Amino acid sequence: MKNISAVIALAAVLLGIGWLTYSSRDVAPDLAPFFPTPMSIVGEMLKMADVKSTDVVYDLGCGDGRIVIAAAADFGARGVGVEYDPEVAQRAIDNVSKRNVDDLVDIVIGDATKVDVSPASVVTLYLLPDTIAAVRPRLEELLKTGTRVVSHNAEMPGWKTVSVQTINDDDGRVHKLYLYEIGKQ
Ligand SMILES: C[S@@+](CC[C@H](N)C(=O)[O-])C[C@H]1O[C@@H](n2cnc3c(N)ncnc32)[C@H](O)[C@@H]1O
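What you see is a predicted model, and the numbers here were worked out from it, not measured in a lab.

Colleague: Hey, could you go over the packing of aromatic side chains for me, with residue numbers and the actual values?
Modeller: The relation between two aromatic rings is expressed through the spacing of the ring centres and the mutual angle of the planes. Applying the stated criterion across every chain yields a total of one aromatic pair. Consider the rings of W159 and Y180, whose centres lie 5.3 Å apart with planes at 75°: the pair is edge-to-face. With a gap of 21 residues between them, W159 in the loop between β5 (148–152) and β6 (163–168) and Y180 in strand β7 (residues 174–181) connect regions that are remote in the sequence. The exposure class of W159 is buried, given its relative accessible area of 8%.

Colleague: Account for the nonpolar core, naming residues and giving values.
Modeller: Grouped together as the largest cluster of nonpolar side chains are 27 residues, with contacts concentrated most on L46, V51, V57, V105 and I107. Listing elements by their share of this core, those giving two or more residues are α2 (39–48), α3 (66–75), α4 (86–98), β3 (105–109) and β7. Setting aside residues no more than four positions away along its own chain, V57 makes contact with V51, V68, A71, A77, R78, G79, V80, V122 and T124. Ranked by size, the runner-up nonpolar core spans 25 residues in total, among them Y58, V82, V115 and V117.

Colleague: Residue-level account of the packing of α2 against α3, with values.
Modeller: At their nearest, the axes of α2 and α3 sit 10 Å apart, and the two run at 65° to each other. The hand of the α2/α3 crossing is right-handed. On α3, the residues touching M39, V42, M45, L46 and K47 of α2 are R66, I67, A70, A71 and F75. Looking at the contact of α2 with α3, its residues break down into eight nonpolar, no polar and two charged.

Colleague: Pulling in residues and values, what's your account of the environment of R91?
Modeller: Examined against the element boundaries, R91 turns out to sit in helix α4. Excluding residues that lie within four positions of it along the chain, R91 makes contacts with F34 and D64.

Colleague: Report on the site of the ligand, specifying residues and quantitative values.
Modeller: Within the structure, the ligand sits among 22 residues, and P29, T37, D59, G61 and E83 are positioned closest to it. Within the backbone of A112, an N or O atom sits 2.8 Å from a nitrogen atom of the ligand. Across the complex, the protein chains shield 98% of the 600 Å² of accessible surface that the ligand would expose by itself. Taken together, the residues of the shell around the ligand sort by class into 13 nonpolar, four polar and five charged.

The rules behind these values
Residues numbered from 1 in each chain as written. Predicted model: local features only at pLDDT ≥ 70, side-chain atom pairs only at ≥ 80, totals over all residues. Heavy atoms only, no water. Phe/Tyr/Trp six-rings, centres within 6.5 Å; stacked < 30°, edge-to-face > 60°. Helix = DSSP H or I, 4+ residues; strand = E, 2+ residues; numbered from the N terminus. Buried < 20%, exposed > 50% of the residue type's maximum accessible area, 1.4 Å probe, protein only. Core = buried A, V, L, I, M, F, W, Y, C linked by side-chain atoms within 4.5 Å. Contact = heavy atoms within 4.5 Å. Axes fitted to C-alpha atoms, helices over the stretch in contact; angles between N-to-C directions. Left-handed = near helix turned anticlockwise from the far one by under 90°. Nonpolar A, V, L, I, M, F, W, Y, C, P; charged D, E, K, R; others polar. Near = heavy atom within 4 Å. Polar contact = N/O pair within 3.5 Å; in protein donor to acceptor, adjacent residues only side chain to side chain. Areas by Shrake-Rupley, 256 points an atom, 1.4 Å probe, with all protein chains shown as cover.

Geometric values such as these leave the question of function open.
Here you go:
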């Protein structure tokens, strides 16, 4: 009987440790579903940020990679796309190869709230109005003064815009773009 009690006690301790380990594990927050920016709006976002070949463009939650691919293919910029869904990220990796921009673009499978964004000179975002603030601490901590941040359809709470644009896509849907600059936000 004593042995059985000891085994039950040990099992309970091990289960407790297992649960604590599981519940304290880093789980990436779901910041938005995969819903791509129309290509005409991608072009406007990159123009709004005044992307040049000397820029390093980070797209946090990059989906199929279209923004960083366009930054590389159309402006000659370096691009880093961060995507936490491995299947969506694989689509981005395949698209990078198809568009022959492997030398300029990296796709990182990871959490946009944890990634090192310090090399960025431009950051693009298409997240939700109620989740976008999750990336703000990282941006405020790591981005250099002068880095431009362009957000599609979601304002960064607490930041002041440099400019705002409202544009229609080819299907007549309205998109709002918010441009920020680190140091002026
Ligand atoms: C609205 S889509 C935007 C895709 C792309 N940036 C565009 O504009 O076409 C948002 C993307 O963020 C990804 N995502 C959501 N939460 C994330 C997280 N914590 N870390 C990285 N990616 C995330 C989703 O899987 C999705 O592909």
